[in-house]
Amino acid sequence: MRYGIEKETLNWAESVWEKLEIKLEAECRRLGSIMPYVPVDGRYEDMGKRELAAWTNGFYSGMLWQMYHATGKGCYKDAATGIEERLDEALTSFTKLDHDVGFLWLHTAVADYRLTGSKGSRARGLHAAGILAGRYNPKGRYIKAWNGERAGVAIVDCLMNLPLLYWAAEEQHDSAYRQIAVNHTDTVLNYILRPDGSCNHMVEFDPATGEYLDNPGGQGYESGSSWSRGQAWAIYGMSLAYRYTGNEVYLDAAKRVAHYVCANLAIHDDIPLIDFRAPAQPVYYDTTAGVCAACGLLELSEHVRYLEKDLYVKSAVRCLKAVTDRFCQWNPDIDSVVSCGSARYDRESDRQVPIIYGDYFLTEGILRLLDRDFLIW
Ligand code: GLY
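The shown structure was predicted, so the numbers you read here are calculated from the model rather than taken from an experiment.

### Considerations on the side chain of Thr187
Stage number 1. In this structure, Thr187 sits in helix 9 (residues 175–191).
Stage number 2. Note on Thr187: relative accessible area 6%, which makes it buried.
Stage number 3. Non-local contacts of Thr187, meaning those with residues more than four positions away in its chain, are made with Gly140, Arg141, Tyr142, Ile192 and Phe205.

### Description of empty space enclosed by the protein
Stage number 1. Applying the stated criterion across every chain yields a total of two cavities of 30 Å³ or more.
Stage number 2. Quantified by volume, the largest cavity comes out at close to 80 Å³.
Stage number 3. Together, 15 residues line the largest cavity, and Asn200, His201, Gly218, Glu222 and Ser225 are the ones closest to its centre.
Stage number 4. Considering only residue class, the lining of the largest cavity consists of four nonpolar, nine polar and two charged.

### Comments concerning the packing of aromatic side chains
Stage number 1. This structure, assessed with the given rule, holds 26 aromatic pairs.
Stage number 2. Centre to centre, the rings of Phe59 and Tyr357 are 5.6 Å apart; their planes meet at 55°, and the pair counts as tilted. Taken as a pair, Phe59 in helix 3 (residues 59–71) and Tyr357 in helix 14 (residues 356–369) lie far apart in primary sequence, 298 residues in all. Accessibility classification places Phe59 together with Tyr357 in one group, the buried group.
Stage number 3. Geometrically, the ring pair formed by Trp65 and Tyr68 is edge-to-face, given 5.8 Å between the ring centres and 80° between the ring planes. Residue Trp65 and its partner Tyr68 are located together in helix 3, separated by three residues, close to a single helical turn.
Stage number 4. Among the aromatic side chains, those forming a connected cluster through ring pairs are Trp55, Phe59, Phe103, Trp233, Tyr236, Tyr357, Tyr360, Phe361 and Trp377.

### As for the site of the ligand
Stage number 1. All residues adjacent to the ligand are Trp55, Asp157, Gln219, Trp227, Arg229 and Trp233.
Stage number 2. Take Arg229: an N or O atom from its side chain is 2.5 Å from an oxygen atom of the ligand.
Stage number 3. Look at the ligand: alone it shows 200 Å² of surface, and the protein chains cover 94% of it.
Stage number 4. The cavity where the ligand resides is the largest pocket.
Stage number 5. Counted by class, the shell around the ligand contains three nonpolar, one polar and two charged residues.

### Focus: the packing of helix 7 (residues 119–133) against helix 8 (residues 163–172)
Stage number 1. Where helix 7 meets helix 8, the axes come as close as 9 Å, and the angle between the chain directions of the two elements is 120°. Comparing their axes, helix 8 and helix 7 come out oblique. Like other packed secondary-structure pairs, helix 7 and helix 8 cross with a definite hand, here left-handed. Contacts between helix 7 and helix 8 involve Arg122, Gly125, Leu126, Ala128, Ala129, Leu132 and Ala133 from the first element and Leu164, Leu165, Trp167, Ala168, Glu171 and Gln172 from the second.
Stage number 2. Grouping the amino acids of the contact of helix 7 with helix 8 by side-chain chemistry returns nine nonpolar, two polar and two charged.

### Things to note about the pattern of salt bridges
Stage number 1. Following the criterion strictly, the structure yields 24 salt bridges and no others.
Stage number 2. Linking Glu25 and Arg29 is a salt bridge whose minimum nitrogen-to-oxygen distance equals 2.8 Å. Linking Glu25 with Arg29, this pair stays in helix 1 (residues 7–31), spanning four residues, or about one helical turn.
Stage number 3. For Glu25, a relative accessible area of 17% translates into the label buried.
Stage number 4. Residue Asp270 pairs with Arg318 through a salt bridge whose shortest N-O separation is 3.4 Å. Highlighted residues: Asp270 in the loop between helix 11 (248–266) and helix 12 (287–301) and Arg318 in helix 13 (residues 309–327), separated in sequence by 48 residues.

### Some words on the UniProt feature "active site" (unreviewed entry) in the protein chain
Stage number 1. As annotated in UniProt, the feature "active site" (unreviewed entry) corresponds to Asp100 and Asp157 in the numbering used here. With the annotated positions falling across 58 residues, the maximum pairwise C-alpha distance of 8.8 Å places them together in a single cluster. Checking the annotated residues one by one, the ones that line the largest pocket turn out to be Asp100 and Asp157.
Stage number 2. Relative to the elements of secondary structure, Asp100 occurs in the loop between helix 5 (88–93) and helix 6 (101–116).
Stage number 3. For Asp100, a relative accessible area of 7% corresponds to the buried category.
Stage number 4. Sequence-distant contacts of Asp100, that is, excluding residues within four places in its chain, are made with Trp55 and Asn161.

Procedures and definitions
Residues numbered from 1 in each chain as written. Predicted model: local features only at pLDDT ≥ 70, side-chain atom pairs only at ≥ 80, totals over all residues. Heavy atoms only, no water. Helix = DSSP H or I, 4+ residues; strand = E, 2+ residues; numbered from the N terminus. Buried < 20%, exposed > 50% of the residue type's maximum accessible area, 1.4 Å probe, protein only. Contact = heavy atoms within 4.5 Å. 1 Å grid on protein atoms, 1.4 Å probe; cavity = no way out; pocket = protein on both sides within 12 Å on 5 of 7 lines; lining within 4 Å. Points joined across faces, edges and corners; volume = space filled by probe spheres on them. Nonpolar A, V, L, I, M, F, W, Y, C, P; charged D, E, K, R; others polar. Phe/Tyr/Trp six-rings, centres within 6.5 Å; stacked < 30°, edge-to-face > 60°. Near = heavy atom within 4 Å. Polar contact = N/O pair within 3.5 Å; in protein donor to acceptor, adjacent residues only side chain to side chain. Areas by Shrake-Rupley, 256 points an atom, 1.4 Å probe, with all protein chains shown as cover. Sits in = over half its atoms within 2 Å of the grid points. Axes fitted to C-alpha atoms, helices over the stretch in contact; angles between N-to-C directions. Parallel < 35°, antiparallel > 145°, perpendicular 65-115°, else oblique. Left-handed = near helix turned anticlockwise from the far one by under 90°. Salt bridge = Lys/Arg side-chain N within 4 Å of Asp/Glu carboxyl O. UniProt positions renumbered as here; feature names shortened; annotations may be inferred.

Below is the structure:
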């Protein structure tokens, strides 16, 4: 077992897995190839019909591939393959695509290729990687998050899209993809991460000259605050950057953010607020930040010396336990598992609700503890 966890924790993870398996198989058989986001009255709607290229549309597929890998059951593969095919329209029409092509195609085509060797899936993944690489701004040395007027903005979340480039570099034997990923990571290090281990959500450059302009507020409380999912992306993204490059600077950055997040989790009963630097009231949680940070902490623990591991593994387990104790519902007839996720601080419609990526990261986290996951990133 790569995390060295005790028997009691292993038994707990097994008991969560048993419930997860029943619930996710029921969902898969009921829902088929849909792209869920937030359930309404316990029922998922198909976000893919409303907005095919929404950044969240790959996560259900990612869960299905994790379940296929862990169980070998064909129902998961069939549903995931259907989602991948549905996304072709977004890939070929080039409509509303942005840097989140990583989230979309790592969880669909690349996962499919890694598990089945499908040639068509490999081609889709490489198309998506080409699109991501084409978003690189060489003056500012960043991958633009969005389009048009916002072409000067880079965000911390993009660290999680970069594994698409590391994958393409290996597939194509072309280090240019990798160089773009490295340059963007350095920019995040220099302009988004802060010395105290917290981080900004965004940085804005003049896209024509590459000149630094500002760190605008993003999905957290305000500019200068500390949006917890952004901190989770930083832990996980910097750990992955270390996995793919071996650059110790990235590992140290991941540790710095991890220490900041672990300290904040410890004073909030192991569940993150949407923003660690929001006013004391109202209290808004974001469980998705917790389960994502837990996966990032587990990834980080794989790259440190053995006496360093405990802090990261134990903090990850405490967070996963807190989420399952307080915020999971296991009725197989109701869509979604993890409640109290929040997309952003200032929007009520998807604040403190179940969100699909919360379920993805819970599934990945539990499978990691049981050594039954596969690396989708
Ligand atoms: N990548 C967007 C978010 O974390 O909400």
